[in-house]
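Observations on the model geometry
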Protein chains: 2
Amino acid sequence: MTTAATDRLLDDLAGSGPGSGQGSGTGPGSGTSAGARTSAGDVVVDPEVLASYRHDQAAPGLVPAGTPVAVVRPRTTAEVQHAVRTAARHGVAVVPRGAGSGLSGGANAIDGCLVLSLERMTDVVELDGPSLLATVQPGLVNAQLGEAARREGLHYAPDPASYEFSTIGGNIATNAGGLCCVKYGVTRDALLGLEVVLADGRAVRIGRRARKGVAGYDLASLICGSEGTLGIVTEATMRLIPPPRSAATLAASFPTLGSAGEAIAKITRSATPSVLELMDRTTIQAVEKMAPQGLDEDVDVLVFARSDLGGASALRDVDQMARWCEEAGATLAITTDEEAEGRMLMAARRLAYTALEHQGATLLDDVGVPLGKIPALLEGIETIAARHDVLIGTFGHAGDGNMHPTIVYDQHDPDAVARTRQAFAALVRLALALGGTVTGEHGVGLLKRDFLADELGEAHELHRAIKHALDPAGLFNPGKGI
Amino acid sequence: MTTAATDRLLDDLAGSGPGSGQGSGTGPGSGTSAGARTSAGDVVVDPEVLASYRHDQAAPGLVPAGTPVAVVRPRTTAEVQHAVRTAARHGVAVVPRGAGSGLSGGANAIDGCLVLSLERMTDVVELDGPSLLATVQPGLVNAQLGEAARREGLHYAPDPASYEFSTIGGNIATNAGGLCCVKYGVTRDALLGLEVVLADGRAVRIGRRARKGVAGYDLASLICGSEGTLGIVTEATMRLIPPPRSAATLAASFPTLGSAGEAIAKITRSATPSVLELMDRTTIQAVEKMAPQGLDEDVDVLVFARSDLGGASALRDVDQMARWCEEAGATLAITTDEEAEGRMLMAARRLAYTALEHQGATLLDDVGVPLGKIPALLEGIETIAARHDVLIGTFGHAGDGNMHPTIVYDQHDPDAVARTRQAFAALVRLALALGGTVTGEHGVGLLKRDFLADELGEAHELHRAIKHALDPAGLFNPGKGI
């Protein structure tokens, strides 16, 4: 952009330019009636501050990150509408952003774009206990929604690993999963309704407050997981649930992939754990190196499970899982219904990614396969690690087939970087060959775009038709997601 | 249509006309390569048989039903593609149909349309036990999928009241609910992937086999509940779950709406029943008249709940619910962990609709409200019954706020029919006024079209944009759903 063009954009964003108030302003809560001097909220142009909005947490250097012309930080739906209309008028792409904790580059800036950061829209608009729902602004952090629910004696289920800092808006953009989604579902399952600002600046409400409903198309599910490419979420009505009962925990070690696979298969076919996780030998060794847990490093796979049926039922449940583990060949299977002890058993799993990060630069993958293909996926990962001479530590959600094989590499060694890229591509292709998906919960962003066509096949065009119908000018997050 | 035009259509459908094989035939499994003489499957033109395909189970006389020019009953995806391409070429609307058990007129024929009945596509294409999924053709009956899952030691959760005769394709078209969806989710929650024939005749695969995935937009959720307006489902991959544990049952009677509402609120906030139902005094009296159950007719509301936590845990769970019922003012609360006795307790609920049908013609409504608004909905229904001088029996899914107030009327009394229409409209508006939805699980079809704009508001246009993007000529089920 020329300096003059940038100045005109900034003037309009601030509501002082000639263009302000030109929007059609018909959306509910728009507040931008013709002629009003509405701003887009706090507008940032300081280069140092802009730099901190260039990228999310995707492997730096492996996905591009541009420089935005400005960052706006609105506080209201009307300010979001003003920013979107202004950007549209100036032909400037809009990149929405929550906490910037994404792992696929979905929130990375594009050169000359407007970053629309929802970080200041953090209100709990309504918490309706009797209806078990909460309406929140998109910048509210997941854990804060959890806290608000808890104060009402209720529970917000989705628990991505980033729950202490990622936002509900970001969770919706990626349809974030987490540990508990094996039992309680992903973000989409908790989503009832949305207010969304469309590419033409209108704010519309989609979905519902009732728990069940089939009037019209399920547009809330369509927006969920669309990675900011279809509209800007300005309000979300999320479903709450009764607080889970007390949980019991199992940790079991297996000498082979096969024996672990057999135990996981038995558990998924016969029980409903609230958590079912695994980590492989490379990850175990990394954890042991960083923070010794007394883990047996000769173990091939550790499996973790929890049951939250409450009290003695939960313990009986994990005890039964432990017996299945032993029948499958586990060398050790420990259970407990003490929460503190359960946390200790799960500590190794929680440290998995951090421990791998301690070994070097990491490229975290996020593939998913049908449940029956988990053993084949784990075997294939070992083959890929050997073939490309890279270190891959794998951990992930055994209960839904979503695995995070993580390549540890030396980012200063060009040859290692090249091998890492090759191994990464091989991992994604392996998942597809097993009937799986290129991304289970992190999103396509920029990181997985090259592989998307292989997964979507002829339907890819259908996805593009939806994008074109809602955002014909390609205003929102162009080049990301689909 | 002229006779000549009809003859040309029928020739093309049979694969003997000049137009056959003109489709582009690029879809997977299409089999209609250029020049091939593909038929659209069995083609029916016998007027008596056509008549049986004119309408579904929506209140006859209250929604229009046209006469189709023909019915095709394909057995393969390729035959569906051929039928769709032929209809498109001839400018003839396509009305898809499963078992015809819908309750909103969604499968009602339009004059001169082609009814595409999927009743012969009944194969279980694949049952992958280790991956807990089944791929089936759309004409398979829900109960048959349940049976196939059971043979693998697994369970298919969605259980609409029509499960013994409704099809998976129809269940997907309406996003059917059921009794167990309070715990296990609706049809959409069990849907992983689809093969869909689009308006241009291509067959595309959307969704996935993995349990979790976020590549591209959630088009499977978009198709689910779209009432045959976006494409024809030719194959569906459904998620299976471990078989539920043994269940215990509670039945409780309440002297007032308020006391029942209080008990329901406590249960929904504090427990996870696998069934939570209610029926009102009018329905109780109808059941008692048809098949005396020894129900106390002075009772205002009966509440039914089940817990399937297994054995003693399930019984403890419903015993706890019974105590909450008593605290709220229940006059009686009975629990049992004997399945036969549980079925007897639930018998009155299962007979509800049949019993109301025994009293006269019925117009079944299907509104949904946020959980906290159930008492207000029940009170409002009583007011509407009194104001419009109609008999309304209400039963439904207390656990998700989806209620079926059912107007019983004399269809031969024009004044009664007029009052019924007015009361029906008042019921729908009441649900909207309470922040609810015009349809919880039966679909918009024709029955709810007049009310849809009130629910969707400004977003209605967005729904139409999606329809236009996928079916620009309005080939599929025009005038239904959105």
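Residues numbered from 1 in each chain as written. Chains lettered and ligands numbered in written order. Predicted model: local features only at pLDDT ≥ 70, side-chain atom pairs only at ≥ 80, totals over all residues. Heavy atoms only, no water.

1. A few points about the domain arrangement of chain A
It is common to give the size of an interface as the accessible area that goes away when the parts come together. All names here are of chain A. Each assigned domain of chain A is listed here: domain 1 (3-120), domain 2 (126-239), domain 3 (245-349) and domain 4 (360-473). In this structure, domain 2 and domain 4 have C-alpha centres spaced 26 Å apart. Across the contact, 13 residues belong to domain 2 and 12 residues belong to domain 4. Both faces combined, the contact of domain 2 with domain 4 buries some 940 Å², and carbon together with sulfur accounts for 59% of it. The interface formed by domain 2 and domain 4 contains four residue pairs in polar contact (both at pLDDT 80 or more). Along the lines of polarity and charge, the residues of the side of domain 2 that touches domain 4 split into seven nonpolar, five polar and one charged. (Domains from an automatic or database assignment. Contact = heavy atoms within 4.5 Å. Buried area = accessible area lost by both parts, 1.4 Å probe. Polar contact = N/O pair within 3.5 Å; in protein donor to acceptor, adjacent residues only side chain to side chain. Nonpolar A, V, L, I, M, F, W, Y, C, P; charged D, E, K, R; others polar.)

2. Focus on the relation of the copies chain A and chain B
Each of the two chain copies goes to the other by way of a rotation about an axis and a shift along it. Relative to chain B, chain A is turned by 180° and slid 0.0 Å along the rotation axis, the superposed coordinates differing by an RMSD of 0.0 Å. The transformation relating the two chain copies, once decomposed into turn and shift, fits a two-fold axis. The share of interface residues of chain A whose copies in chain B are also at the interface is 100%, consistent with both copies meeting through the same surface. (Least-squares fit on C-alpha atoms with pLDDT ≥ 70 in both.)

3. What to know about the nonpolar core
Nonpolar side chains in soluble globular proteins tend to be buried together. Leu 194 and Phe 254 of chain A together with Leu 194 and Phe 254 of chain B are the most contacted members of the largest nonpolar core, which totals 192 residues. With sequence-adjacent residues up to four places away left out, Phe 254 of chain B is seen in contact with Ser 259, Ala 260, Ala 263, Val 299, Asp 300, Val 301, Val 303, Cys 325, Ala 328, Gly 329, Ala 330 and Thr 331 of chain B. (Core = buried A, V, L, I, M, F, W, Y, C linked by side-chain atoms within 4.5 Å. Buried < 20%, exposed > 50% of the residue type's maximum accessible area, 1.4 Å probe, protein only.)

4. Observations regarding the UniProt feature "domain: FAD-binding PCMH-type" (unreviewed entry) in chain A
Feature annotation in UniProt assigns "domain: FAD-binding PCMH-type" (unreviewed entry) to the following positions: residues 64-243 of chain A. Helix makes up 24% of residues 64-243 of chain A and strand 23%, whereas the separation of the span's terminal C-alpha atoms amounts to 42 Å. (UniProt positions renumbered as here; feature names shortened; annotations may be inferred. Helix = DSSP H or I, 4+ residues; strand = E, 2+ residues; numbered from the N terminus.)

5. Concerning the interface of chain A and chain B
On the chain B side, the residues contacting the 87 residues of chain A number 87 residues. Across the chain A/chain B interface, buried area totals approximately 6400 Å², and carbon plus sulfur atoms make up 60% of it. By the criterion of area lost to chain B, the three top residues of chain A are Lys 212, Tyr 217 and Arg 269 of chain A, representing 16% of everything that side buries. Across the contact surface, chain A and chain B share 14 salt bridges. Residue Arg 188 of chain A is joined to Asp 218 of chain B by a salt bridge in which the shortest nitrogen-to-oxygen separation is 3.1 Å. Counting only elements with at least two residues in the side of chain A that touches chain B, the list comes to helix H7 (187-190), strand E8 (203-207), helix H8 (219-223), helix H9 (257-270), helix H11 (311-328), helix H16 (449-456) and helix H17 (460-470) of chain A. In terms of residue count, the dominant contributor to the side of chain A that touches chain B is H17 of chain A (eight residues). (Salt bridge = Lys/Arg side-chain N within 4 Å of Asp/Glu carboxyl O.)

6. Overview of the pairing of strand E3 (residues 94-97) of chain B
Within a regular strand, the side chains alternate between the two sheet faces. Residue and element names in this part refer to chain B. The alternating pattern of E3 places Val 94 and Pro 96 and Val 95 and Arg 97 on opposite faces, both of which are buried. Looking at chain direction, E3 and strand E4 (residues 114-117) are connected through four bridges and run parallel. Each residue of the ladder has a partner; that of Val 95, found in E4, is Val 115. (Pairing = 2+ DSSP bridges.)

7. Quick look at the packing of aromatic side chains
The full count for this structure, using the stated rule, is four aromatic pairs over all chains. Between Phe 424 of chain A and Phe 451 of chain A, the aromatic rings sit 6.2 Å apart at their centres with planes inclined by 65°, giving edge-to-face as the arrangement. With Phe 424 of chain A in helix H15 (residues 414-433) and Phe 451 of chain A in helix H16, this pair connects stretches of sequence that are 27 residues apart. Overall, Phe 424 of chain A belongs to the buried group, its relative accessible area being 5%. Their ring planes at 45° and their centres at 6.3 Å tell us that Tyr 353 of chain B and Phe 395 of chain B sit as a pair that is tilted. Within this pair, whereas Tyr 353 of chain B is found in helix H11 (residues 339-357), its partner Phe 395 of chain B is found in strand E16 (residues 391-397), the two being separated by 42 residues in sequence. Taking the relative accessible area as the measure of exposure, Phe 395 of chain B reaches 5% and is therefore buried. (Phe/Tyr/Trp six-rings, centres within 6.5 Å; stacked < 30°, edge-to-face > 60°.)

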